[in-house]
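Each chain, written out:
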Amino acid sequence: QVQLVESGGGSVQAGGSLRLSCAASGYASSRNSMGWFRQAPGKKREGVAGINSDGEVRYQDSVKGRFTISQDSAKNTLYLQMNSLIPEDTAMYYCAASSYRLWLELLLEYNYHFWGQGTQVTVSS
């Protein structure tokens, strides 16, 4: 089993920065890919960024150049550095893990087996 706990969310003004963390525990074989997803009220959950065990990353077009996903294997922690935040980034952000080594499928929630409880990010203008 895998447990994921997000932290680092909060309220910031447009143009500000925030770094989310996801502490992971459980079998490493169950998290060969890790990802960040978000869901705003009234909208579908969408993939934001993902990284596989080879260190390959993929981003949603709307966050390219602004967000950076990374992981510290020694600490079993996943990060999402968010810069130049805009109101459209406001959402509940979730950390997820998959046993698959994903690449093209990194942002598809169907491929993820374990999920954190989420952390709220609010961006005001």
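Going by the structure above, here's the rest.
Below, the structure is looked at part by part. (Residues numbered from 1 in each chain as written. Predicted model: local features only at pLDDT ≥ 70, side-chain atom pairs only at ≥ 80, totals over all residues. Heavy atoms only, no water.)

1. What about the packing of aromatic side chains?
Two measures describe an aromatic ring pair: the distance that separates the ring centres and the angle between the ring planes.
Here is step 1: Counting across every chain of the model gives 3 aromatic pairs.
Here is step 2: When the centroid spacing of 5.0 Å and the interplanar angle of 75° are considered together, the rings of Phe 37 and Tyr 112 count as edge-to-face. In this pair, Phe 37 is assigned in strand E4 (residues 33–39) and Tyr 112 in the loop between strand E9 (91–98) and strand E10 (114–115), connecting sequence segments 75 residues apart. Note on accessibility: Phe 37 and Tyr 112 belong to one class, buried.
Here is step 3: One aromatic cluster is present, formed by Phe 37, Tyr 112 and Trp 115 through successive ring pairs.
Here is step 4: Looking at Arg 45, its charged tip hangs above the ring of Tyr 94, at a distance of 5.6 Å from the centre.
Here is step 5: Over the ring of Trp 103 we find Arg 58; its NZ or CZ atom is 4.0 Å from the centre of that ring. (Phe/Tyr/Trp six-rings, centres within 6.5 Å; stacked < 30°, edge-to-face > 60°. Helix = DSSP H or I, 4+ residues; strand = E, 2+ residues; numbered from the N terminus. Buried < 20%, exposed > 50% of the residue type's maximum accessible area, 1.4 Å probe, protein only. Lys NZ or Arg CZ within 6 Å of the ring centre and 35° of its normal.)

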